[in-house]
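Chain by chain, the residues:
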Amino acid sequence: MRFSRVLRASAIAAAAGLALAACGSGNEDGGGGSGGDGGGGAESLTIGIKFDQPGLGQKTPDGYEGFDVDVATYIAKELGVEANNIEWVEAPSAERENLIKRGDVDIVVATYSITDERKQEVDFAGPYFIAHQDLLVRADDSSITGPDAMNGKKLCSVTGSTSAQRVKDEYSAQTDLQEYGGYSECISGLESGAVDAITTDDTILAGLAAANEGKFKLVGEGFSDENYGVGLEKGNTELRDDVNAAIQKMFDDGAWADAVETHLGPAGFEVPEPPEITEK
């Protein structure tokens, strides 16, 4: 069930309960009774996340884990939904807008960069994180110090990604792009020497490095800004405002910094200052 519909249903039930209580206030039995499901927020929430990004959103034998999962779980609790009442749905990059527009999910928390193009189709809350494009290299490689040092190097590009093309177009025209189907294949190529570096958001790279402790390192020269937002139904300003309030509370009480340190810190990722919420 869509979260917005649950909210409306709860409001209707609460109003009906008040009306019944008023009508029956003179009866000893009447007085508004049990109320059942009335009052409170939604009972459940459907959230889109990545299932294959270590440190961010990953499906494991024990459930789901990662920074985005922690953010989503915190938001859900602030909306009145406990963790065991969240339904997790895989949200591949190309399907995020469709999932929201079809009503298959209530929100998407999946390294979802806020862009003007996407805002034509969906709304965002946040941002809850600002990532930067970076490079991941083998731990013993000191030759790659940034995107300008990629001439003649083999750079892993996930099919459909614009990250590697940006390096080639804007920094090192002689970079040899190698297209792979996913980041797990890029990691295998980097470990075997088939490629010299992987490029995408530093959060994703930090998660990959943490999952392969000691083998890889972030170059640490971010060269773009990627504002991660929470995607939601276009025009649902009430939900957007509630999600923004939850994100701000997570910033203020330290839970956000703890989540960054837990999931990205093992790769040497330093906890940044939280961003300013701009989607209002």
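Residues numbered from 1 in each chain as written. Predicted model: local features only at pLDDT ≥ 70, side-chain atom pairs only at ≥ 80, totals over all residues. Heavy atoms only, no water.

**Regarding the overall build of the chain**
Then comes step 1: Scanning the chain for helices and strands turns up 8 helices and 13 strands.
Then comes step 2: Counting all 280 residues of the chain, 47% fall into the buried class.
Then comes step 3: In the form shown here, the chain has an accessible surface area of approximately 13500 Å², with 44% of it arising from carbon and sulfur atoms. (Helix = DSSP H or I, 4+ residues; strand = E, 2+ residues; numbered from the N terminus. Buried < 20%, exposed > 50% of the residue type's maximum accessible area, 1.4 Å probe, protein only. Areas by Shrake-Rupley, 256 points an atom, 1.4 Å probe, with all protein chains shown as cover.)

**Re helix H6 (residues 202-211)**
Then comes step 1: In terms of residue burial, H6 counts as a mostly covered element, since 8 of its 10 residues are buried.
Then comes step 2: Turning to H6, its buried residues are Asp 202, Thr 203, Ile 204, Leu 205, Ala 206, Gly 207, Leu 208 and Ala 209.

**As for the state of the cysteines**
Then comes step 1: In the structure shown here, the tally under the stated rule is 1 disulfide.
Then comes step 2: A disulfide bridge connects Cys 156 with Cys 186, and the sulfur atoms are separated by 1.7 Å. Taking the sign of the S-S torsion, about -55° here, the bridge from Cys 156 to Cys 186 comes out left-handed. Pair noted here: Cys 156 is in strand S9 (residues 154-158) and Cys 186 is in helix H5 (residues 183-192), with a separation of 30 residues, a long-range link.
Then comes step 3: Owing to a relative accessible area of 1%, Cys 156 belongs among the buried residues under this scheme.
Then comes step 4: By relative accessible area, Cys 186 is classed as buried at 0%. (Disulfide = S-S within 2.5 Å.)

**A look at the packing of helix H2 (residues 67-78) against helix H8 (residues 255-264)**
Then comes step 1: Their axes nearest at 9 Å, the elements H2 and H8 cross at an angle of 155°. Between H2 and H8, the angle falls in the class roughly antiparallel. Seen along the crossing, H2 lies across H8 with a hand that is right-handed. When H2 is examined against H8, the residues Phe 67, Asp 70 and Tyr 74 are found in contact with a partner set consisting of Ala 255, Trp 256, Ala 259, Val 260 and His 263. (Axes fitted to C-alpha atoms, helices over the stretch in contact; angles between N-to-C directions. Parallel < 35°, antiparallel > 145°, perpendicular 65-115°, else oblique. Left-handed = near helix turned anticlockwise from the far one by under 90°. Contact = heavy atoms within 4.5 Å.)

**Re the sheet that holds strand S4 (residues 63-65)**
Then comes step 1: The antiparallel open sheet is built from 3 strands, whose spatial order is S2-S3-S4. The strands lining the two open edges of the sheet, one partner per strand, are strand S2 (52-53) and S4.
Then comes step 2: Inspection of the sheet shows S2 paired to strand S3 (residues 57-60) by 2 bridges, in the antiparallel sense. Across the sheet, Gln 53 pairs through a bridge with Gly 57, a residue of S3. (Pairing = 2+ DSSP bridges.)

**So, the side chain of Asp 196**
Then comes step 1: Tracing the chain through its elements places Asp 196 in the loop between H5 and strand S11 (197-201).
Then comes step 2: Of note is the side chain of Asp 196, whose polar atom sits 3.4 Å from the side chain of Arg 138.
Then comes step 3: With near-sequence residues (within four places) excluded, Asp 196 lies in contact with Leu 136, Val 137, Arg 138, Asp 141, Ile 144, Lys 153, Lys 154 and Leu 190. (Polar contact = N/O pair within 3.5 Å; in protein donor to acceptor, adjacent residues only side chain to side chain.)

By themselves, these figures tell us nothing about what the structure is for.
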